Amino acid sequence: MRPSSQDAFFIGGEFRPATGDRRFTVVSPATEDVVGSAPCGEPADVDAAVAAAREAFDTGPWPRMTIGERAAHLTGFANELAARRKEIGELVLDEIGLPRRAAQAEPVGMIALLRYHAGLAEQMTMSERRTGLFGASADVTREPVGVVAAIPAWNSPLVLAANKFAPAMLAGCTVVCKPAPETCLDTYPVAEAARAAGIPAGVLNLVASDGVGGDHLARHPGVDKIAFTGSTATGRAVAAAAASHLARVSLELGGKSAGIVCDDAPLDAVAAAIVAAVTLVNGQACIALSRVLVSERRHDELIDALRTAFEALVVGDPRDPATAVGPLVSQRHRDRVLGYITDAEKDGGRVVTGGGPPPHTTRGWYLAPTLVTGVSPTSRIAQEEIFGPVLTVLTYRDLDDAVAIANGTPFGLSGAVFSQDLDQARQLAGRIRSGSVAINKGAAIDFALPFGGFGSSGYGREYGPEGVAEYLEHKTIFLDTP
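Rules of the game
Residues numbered from 1 in each chain as written. Predicted model: local features only at pLDDT ≥ 70, side-chain atom pairs only at ≥ 80, totals over all residues. Heavy atoms only, no water. Helix = DSSP H or I, 4+ residues; strand = E, 2+ residues; numbered from the N terminus. Rg over C-alpha atoms; globule rule 2.2 N^0.38 Å. Buried < 20%, exposed > 50% of the residue type's maximum accessible area, 1.4 Å probe, protein only. Contact = heavy atoms within 4.5 Å. Areas by Shrake-Rupley, 256 points an atom, 1.4 Å probe, with all protein chains shown as cover. Lys, Arg positive; Asp, Glu negative; His and termini not counted. Charge placed at Lys NZ, Arg CZ, Asp CG, Glu CD. Phe/Tyr/Trp six-rings, centres within 6.5 Å; stacked < 30°, edge-to-face > 60°. Lys NZ or Arg CZ within 6 Å of the ring centre and 35° of its normal. Core = buried A, V, L, I, M, F, W, Y, C linked by side-chain atoms within 4.5 Å. Pairing = 2+ DSSP bridges. Salt bridge = Lys/Arg side-chain N within 4 Å of Asp/Glu carboxyl O. Axes fitted to C-alpha atoms, helices over the stretch in contact; angles between N-to-C directions. Parallel < 35°, antiparallel > 145°, perpendicular 65-115°, else oblique. Left-handed = near helix turned anticlockwise from the far one by under 90°.

## Structural notes on the overall build of the chain
Next up, step 1: The helix and strand tally for the chain stands at 15 helices and 23 strands.
Next up, step 2: A compact globule built from 482 residues should have a C-alpha radius of gyration of about 23 Å, and the chain, at 23 Å, falls within 12% of that.
Next up, step 3: When its C-alpha atoms are laid out on the principal axes, the chain stretches across 70 × 60 × 40 Å.
Next up, step 4: Every one of the 482 residues in the chain was classed for burial, and the buried ones make up 58%.
Next up, step 5: When contacts within the chain are restricted to residue pairs at least 6 apart in sequence, long-range pairs at least 24 apart make up 73% of them.
Next up, step 6: Counting every atom, the chain has about 19100 Å² of accessible surface; 52% of that belongs to carbon and sulfur.
Next up, step 7: Looking at charge distribution, the chain has the averaged site of its 43 positive side-chain charges lying 1 Å from that of its 55 negative ones.

Laid out in structure tokens, this is it:
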């Protein structure tokens, strides 16, 4: 691994030197070696990026192009990214320790999102003639909302950035994207791809920063819309900051997804699906299935199946093709996750497997996938988002009780139902208060289908035509008719 050093931000179609001296040092969570460094954006850098995006929106060609012309630019951007795919994936692997296949899926996901949104242009209409209730004739148009602040989380950095800037750019918006400190390096080849694709200056700007820059961006009067992915606590702060100038906001926040295992479900298949969903992004995924609900009569049987599946996972070097689970993103984060496990044991819970670093790991911030049972549905480990490869198994008396437990947290992002009776599974899925529910899968996302949360998991939707609608305003033009 050769350290990478950067000194500029991508603003107005060019790389401009940072205004301040603060820097981020990116450390590999797998080896604890330095991956590289990049500047930390200060308010002055954010101001420059917003000014570039504002000028591009107010006077530039982008919002005045046809949607088909913008789609062609997105396709060109995707092609340039494809030429850099391997390089970008390796940076993601080094930054956050995703196993190589998952790390390479990040640029592939960004490319897919750009191409999907380019394809949407053929089915979108930006204006329609309508007749009102009182006979008025009007054109109802859809127009870009303006300058967008895109603030993705570090755990899936490229997909979470693209699921904001791809629909925003298709709609005709210009974007200031603030990558997270942990993943500030992978944005540089993305910027190079945008420039090589001929994306007009100021349409996409990239300034990595910490909370100082993020707060300044969210409060900036030049920003019309904020799209944020991250923790619920930070999401509340973003919404409060946006309220200062009434910017539109969409928030994709935390989750505490529950999976209901019906008595007829085949447990070996269920265990395999659950383990894949628990360890997604090394357990650091908002949709991770972190609670599983099983009847009292099948509890022990499911625990045995899950233990076997957990202990078969290879935890270790993300570059090893056999590795299924890599490290957590930082030592501080791993310590936080371990704190939940300790609290569960104090509450009378039992750690069935895992609970600490695998014995063969001497460097890096690894945590063996952990299975906990014997706690109450109201315990801290069963209520709060952990963001690690930790699964809590709870028991229910009947399916009504299972639904009540599933809905018994403030979150509502994702969930699952496991049953061979698909009618029963569909009915249960309809009763779970969450933005998406998978049947006989641990978790599912599709770029053509809307995704978002209920309650403390946020509001607004990403993906599909619904995701593009988040970046459009409706205007009614009353026509002068006899």
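Additional details are given in the paragraphs that follow.
## Re the packing of aromatic side chains
Next up, step 1: All told, the structure shown has six aromatic pairs when counted by the stated rule.
Next up, step 2: Aromatic side chains Phe10 and Phe15 sit 5.3 Å apart centroid to centroid with 55 degrees between the ring planes, which places their arrangement in the tilted category.
Next up, step 3: With a relative accessible area of 25%, Phe15 lands in the partly exposed category.
Next up, step 4: Following the ring pairs from residue to residue traces out a cluster consisting of Phe10, Phe15 and Tyr188.
Next up, step 5: Just above the ring of Tyr471 sits the side chain of Lys225; from NZ or CZ to the centre is 5.0 Å.
Next up, step 6: Positioned above the aromatic ring of Tyr340 is the side chain of Arg380, whose terminal nitrogen or guanidinium carbon lies 3.9 Å from the ring centre.

## Details of the nonpolar core
Next up, step 1: If you look at the biggest cluster of nonpolar residues, it comprises 64 residues, and the most contacted ones within it are Phe77 and Phe165.
Next up, step 2: At the level of secondary structure, the elements contributing two or more residues to this core comprise helix H2 (67–83), helix H3 (85–96), helix H4 (100–120), strand S8 (147–151), helix H5 (157–171), strand S9 (174–177), helix H6 (187–196) and strand S10 (204–206).
Next up, step 3: Contact partners of Phe165, with chain neighbours within four places excluded, come to Phe77, Met110, Leu114, Val175 and Leu204.
Next up, step 4: In terms of nonpolar packing, the next biggest core, distinct from the first, is built from 35 residues, Ala53, Phe57, Ala208 and Leu217 among them.

## Here's the deal with the sheet that holds strand S1 (residues 4–5)
Next up, step 1: Reading across the sheet, the three strands line up as S1-S5-S4 and stay open at both edges, with mixed pairing between neighbours. Taken across any chain shown, the strands that pair with only one partner, and hence form the sheet edges, are S1 and strand S4 (23–27).
Next up, step 2: Summarising the sheet, S1 and strand S5 (residues 34–39) pair through two bridges and their orientation is parallel. Looking at S5, one finds that Ser4 is bridged to Gly36.

## Notes on the pattern of salt bridges
Next up, step 1: Within this structure, the stated rule accounts for 25 salt bridges.
Next up, step 2: The salt bridge involving Asp7 is made with Arg23; its shortest N-O contact spans 3.1 Å. Of the two residues, Asp7 is situated in the loop between S1 and strand S2 (8–11) and Arg23 in strand S4; the sequence distance between them amounts to 16 residues.
Next up, step 3: According to the relative accessible area criterion, Arg23 is partly exposed, its value standing at 36%.
Next up, step 4: Among the charged side chains, a network of salt bridges with common partners joins Glu90, Asp94, Arg100 and Arg319.

## Focus: the packing of helix H1 (residues 43–58) against helix H7 (residues 211–219)
Next up, step 1: Relative orientation of the contacting elements H1 and H7 amounts to 40 degrees, with a least axis distance of 9 Å. Relative to H7, the element H1 lies oblique. H1 and H7 meet at a crossing whose hand is right-handed. For the pair H1 and H7, contact is made by Pro43, Val46, Asp47 and Val50 and by Val212, Gly213, His216 and Leu217, respectively.

## Considerations on the pairing of strand S3 (residues 14–17)
Next up, step 1: Looking at chain direction, S2 and S3 are connected through four bridges and run antiparallel. Residue pairing in the sheet places Phe9 in a bridge with Arg16 of S3.
Next up, step 2: What sits between S2 and S3 in their antiparallel hairpin is a turn of two residues, with Gly12 showing a positive phi close to 60 degrees.

## Let's talk about the sheet that holds strand S14 (residues 289–295)
Next up, step 1: Read from one edge of the open sheet, seven strands run S15-S16-S17-S14-S13-S19-S20, paired in mixed fashion. The two strands at the open ends of the sheet, each matched to only one other strand, are strand S15 (350–353) and strand S20 (438–439).
Next up, step 2: Sheet topology note: the S15/strand S16 (residues 370–373) ladder contains three bridges and is antiparallel. By the bridge assignment for S16, Val351 is matched with Val372.
Next up, step 3: On the sheet, helix H9 (residues 267–278) packs against strand S13 (257–261), S14, strand S17 (390–396) and strand S19 (415–418) and is oriented at approximately 160 degrees with respect to S14.

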